[in-house]
Amino acid sequence: GPDCSQRVCPSGRAWIDYATANNTAHAEYTECSNMGYCVYETGLCSCRDGFEGAACDRMRCPLALTQTGQKVECAGHGRCLSMREAAVQQDYISLWYSATYDDWDADMIFGCACDKGFGGYDCSEYLCPKGDDPLTPGVDEIQIIDCICTIGSSCNGTLALTFRGQTTKPIPMDATPELVEYYLEQLSTINDIEITFSGGERDFSLCDEFGTTALITFLTEHGDVPSLNYTLYPGKAGINPQISIFTDGTASALRPALESVMGTKEEAECSNHGTCDTATGQCLCYRGFTSSNGLGRNEAGVLGDCGAIEQNSTIYISFDLVEYPNATQDIPCPAVVPRWSASSGIAICSGVGNCLPDRTCNCTDGYEGNACEFKTCPTGEAWWDEAEFNGDRAHRSDSVCSARGLCNRNDGTCTCDAEWSLFDGNNCNQFACYVNITDECSGNGRCATMAEFAQEALMIGSESGARIPVNYSDAWDANRVRSCLCDKSPGVWDYNTSSNAYRGPFAYAYTDWTGYSCSHAFCPTGDNPFTWGENEVQAINCSATDGSFNVSFRGADPPVRIPWNSHVDKVELELESLPTIRNVLVTFADPTGANTTTINQTVCKQGGQYVIIEFISERGDLPLLYIDDSELTGETNITEVIKGTREDVECSAAGVCNREIGICNCLDGHYSGADVVPFRELGAVGQRGDCGFRHTSTDDPKWYNILFQYSYVFDLGIEEDVIEIDVEGADVAAST
């Protein structure tokens, strides 16, 4: 602030902002990350609900009820991780890959990595047991370890085996199969394995000088499981064995007759023959199936996975103990009463699927489940997930309810996370904009995506003055991250009390709304009365004898039309009718440098006419006017004669902005300034509302570091010719 009374708030990467180039957005060093408001008295950000961090730069993890009725992150059954953290961690429960993730949201979007047995975006759902389908063939995974010591010596060190991120305690080189099995089954990632040794002089030694081949059969870890890895710990003699591990059908190097086997048994929810109740984590088995022992051998047990066929049972299927009428023979696929229509009656594949030869249902689009008894919920790109590959590859597009909602499989609808009213859409794939009771964006804006923000970006070419279109469509968040696109002031002349951009009490006090909720407003801007600066001056050279040209400024649409024979007052009036210009001073000069500002002179003429445009109300280094002369019999060009150096800062750097109402609280000795009389030392009292006028009480030599000038000289680019303008009288004189 101008009096150093305000604290600076933390800044971070913007959640949403205007693109600065094609597919370039989310600028760094943004106050409160555009998802909170700065409390300048304390220097703290007041974040929108659902966001946290010093700069509001973290999306909170989902909250869910625990068994004791408390709402905690991830229901107390998971870890809250950022996208970057989820990419590098690997627990083989929720996180299966090891990669890097560096996109803009790597440290901003957080989600739940659920503990074993829990699922859902908030870890509030219970997972059901998985097992092998007893009606399909499959084999166990077998991996081979070859271990041989140096000929003529013994191995006296140890080794550790790693599987799915967990590592055993050191295993002696002379360990028996039973001891190796014991160490491996101590890992939570292995439930039951079988180990046999082949070869070696000592029949029950993991390693010796003649070489041992260990066959490790995974009995309960089904499918193509990842390879074991090892770490060697040398003994006192420092003699290390040679160790090799073989998987996926490759043969032992020591004993080629022994081959590894890729596991093909399923790891299917309820073994494909039951329905999972996510409220309890229990499988409701179809009639004819029961719990197995988890070995995938069609043997009854207590796993609760529906992976065994009931003894003495003809395999026909019903659901929830509803019998299939007059069943006297095998029914190849499950027949159930669908959950989506209890009145439909029992039917094979719920009547909405085809029974395949392997006794599985091929469900019609929109239905799922082993018997098509459920409806599918819509999918979208996940808000939070783990990257599978290095770089920015995350946010998978096939995520149910976009991984920020729970699927009601009975009717196929998503219940989006409603804790902070952040997510919207039938698949929860969009940010919901702020709603103040009933008014979205506080009634001062509209909800817009990043792509729509980019379309509103005011990018003006420095050379041409033309508006440059900006595109933001390739990024994953282009149509998903949304926020309030706040209303802008309709124009510099729209001073009527019905406009919601009017701040008062001064006539020109119109400013844009701002903030994630559009409930705050910018304050009027102006020139600092304690600094020296010059107005922007541009010159149009028009050589024509017929037609007209169009002029626009700062993307104003439509442009104004100026006939070739317009007089100076007509040009000035047309320019000031643009919503982006309030006050300009227009004069004419011919190519010789002579003043031609007379009542009969035209804006264009044969051989050229200079139109000198001084910007009185618009401050700073301005973009060029944009001219379209396609309807002109002749040509135009425009140049910047003087670069504007007068500030265009909030409250003229002489007041404190109250963002809640958009009004400047001017410092003592300051008051609202005016557009005109730009070079008066103290400014002039006016209707800008910007604190740009300085009272004589502040007239103290300590504020001066330059002698104020009242005229200036600028070059039109004419050899040896200059035009001098007396600002007080706006007279133009030629000199050579």
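Look above for the structure.
Cut-off values and rules
- Residues numbered from 1 in each chain as written.
- Predicted model: local features only at pLDDT ≥ 70, side-chain atom pairs only at ≥ 80, totals over all residues.
- Heavy atoms only, no water.
- Helix = DSSP H or I, 4+ residues; strand = E, 2+ residues; numbered from the N terminus.
- Buried < 20%, exposed > 50% of the residue type's maximum accessible area, 1.4 Å probe, protein only.
- Areas by Shrake-Rupley, 256 points an atom, 1.4 Å probe, with all protein chains shown as cover.
- Disulfide = S-S within 2.5 Å.
- Pairing = 2+ DSSP bridges.
- Axes fitted to C-alpha atoms, helices over the stretch in contact; angles between N-to-C directions.
- Contact = heavy atoms within 4.5 Å.
- Arc of directions from axis to C-beta.
- Core = buried A, V, L, I, M, F, W, Y, C linked by side-chain atoms within 4.5 Å.

Enquirer: Is there a simple way to explain the overall build of the chain in this structure?
Expert: Scanning the chain from N- to C-terminus turns up four helices and 59 strands. Counting over 736 residues, the chain shows a buried share of 48%. Of the roughly 33900 Å² that the chain leaves accessible, carbon and sulfur atoms contribute 48%.

Enquirer: Just checking my understanding: could you explain the state of the cysteines for this structure?
Expert: What makes a disulfide is a covalent bond joining the sulfur atoms belonging to two cysteines. Inspection of every chain in the model, using the stated rule, returns 23 disulfides. Between the sulfur of Cys 9 and that of Cys 38 lies a disulfide, 2.0 Å long from S to S. Its torsion about the S-S bond being 85 degrees, the disulfide of Cys 9 and Cys 38 is classed as right-handed. You can see Cys 9 sitting in the segment before strand E1 (11-12) and its partner Cys 38 sitting in strand E3 (residues 36-39), a full 29 residues away along the chain. For the pair Cys 9 and Cys 38, one class covers both residues: buried. Linked covalently through their sulfurs, Cys 349 and Cys 361 form a disulfide whose S-S length is 2.1 Å. Linking Cys 349 and Cys 361, the disulfide has an S-S dihedral of approximately -85 degrees and is accordingly described as left-handed. One end of the pair, Cys 349, is in the loop between strand E28 (347-348) and strand E29 (353-355); the other, Cys 361, is in strand E30 (residues 361-363), and 12 residues separate them in sequence. Exposure class is identical for Cys 349 and Cys 361. Each is buried.

Enquirer: Help me out: how do you make sense of the sheet that holds strand E21 (residues 242-246) in this one?
Expert: Two strands in a sheet stick together by hydrogen bonds in their backbones, pointing the same way (parallel) or opposite ways (antiparallel). With antiparallel pairing, four strands are arranged side by side in an open sheet as E18-E19-E14-E21. Because the sheet does not close on itself, it has two edges, and the strands there are strand E18 (193-198) and E21. Pairs of neighbouring strands in the sheet enclose a mean axial angle of 15 degrees, with direction left out of account. Relative to strand E19 (residues 212-218), strand E14 (residues 141-148) is paired through seven bridges, and the arrangement is antiparallel. In the sheet register, Cys 147 faces E19, and the bridge partner there is Thr 212. Packed onto the sheet, helix H2 (residues 177-185) meets E18 and E19 and runs at close to 150 degrees relative to E18.

Enquirer: Honestly, unusual backbone geometry in this entry has me stumped. Any pointers?
Expert: Generally, phi is negative for residues other than glycine and the peptide bonds are trans, each holding for most cases. Of the consecutive residues Gly 504 and Pro 505, the connecting peptide bond is found in the cis state with omega at -5 degrees. Residue placement: Pro 505 occurs in the loop between strand E42 (482-486) and strand E43 (513-514). Of note, the bond from Asp 557 into Pro 558 is cis; its omega dihedral lies within 30 degrees of zero at 10 degrees. In this structure, Pro 558 sits in the loop between strand E46 (537-552) and strand E47 (560-563). A positive phi angle, near 55 degrees, is found at Asp 248, a position not held by glycine. Considering the arrangement of structural elements, one finds Asp 248 in the loop between E21 and strand E22 (268-269). Its identity is not glycine, yet Ser 402 carries a phi of approximately 55 degrees, on the positive side. Among the secondary structure elements, Ser 402 is positioned in the loop between strand E34 (399-400) and strand E35 (405-408).

Enquirer: How do you make sense of H2 when you look at a structure like this?
Expert: Within the span of H2, buried status applies to Pro 177, Val 180, Tyr 183 and Leu 184. Across the axial projection of H2, the buried residues extend over an arc of 130 degrees, all falling on one side. Structurally, H2 contributes buried residues whose contacts are with strand E15 (158-163), strand E17 (171-172), E18 and E19.

Enquirer: Any chance you could explain the nonpolar core here in plain terms?
Expert: The nonpolar side chains of soluble globular proteins are, as a tendency, buried together. Core analysis: the biggest nonpolar cluster contains 52 residues, and Trp 15, Phe 51, Tyr 101, Ile 109, Trp 384 and Phe 431 have the highest contact counts within it. Listed by contribution, the elements that provide at least two residues to this core are E3, strand E4 (44-47), helix H1 (83-88), strand E36 (413-416) and helix H3 (450-456). Ranked by residues supplied to this core, first place goes to H3 with four residues. Apart from residues lying up to four places away in sequence, Ile 109 is in contact with Trp 15, Met 59, Leu 81, Ser 82, Met 83, Trp 383, Trp 384, His 395 and Trp 476. Within the second largest apolar cluster, 28 residues are counted, among which are Ala 544, Val 551, Leu 575 and Leu 624.

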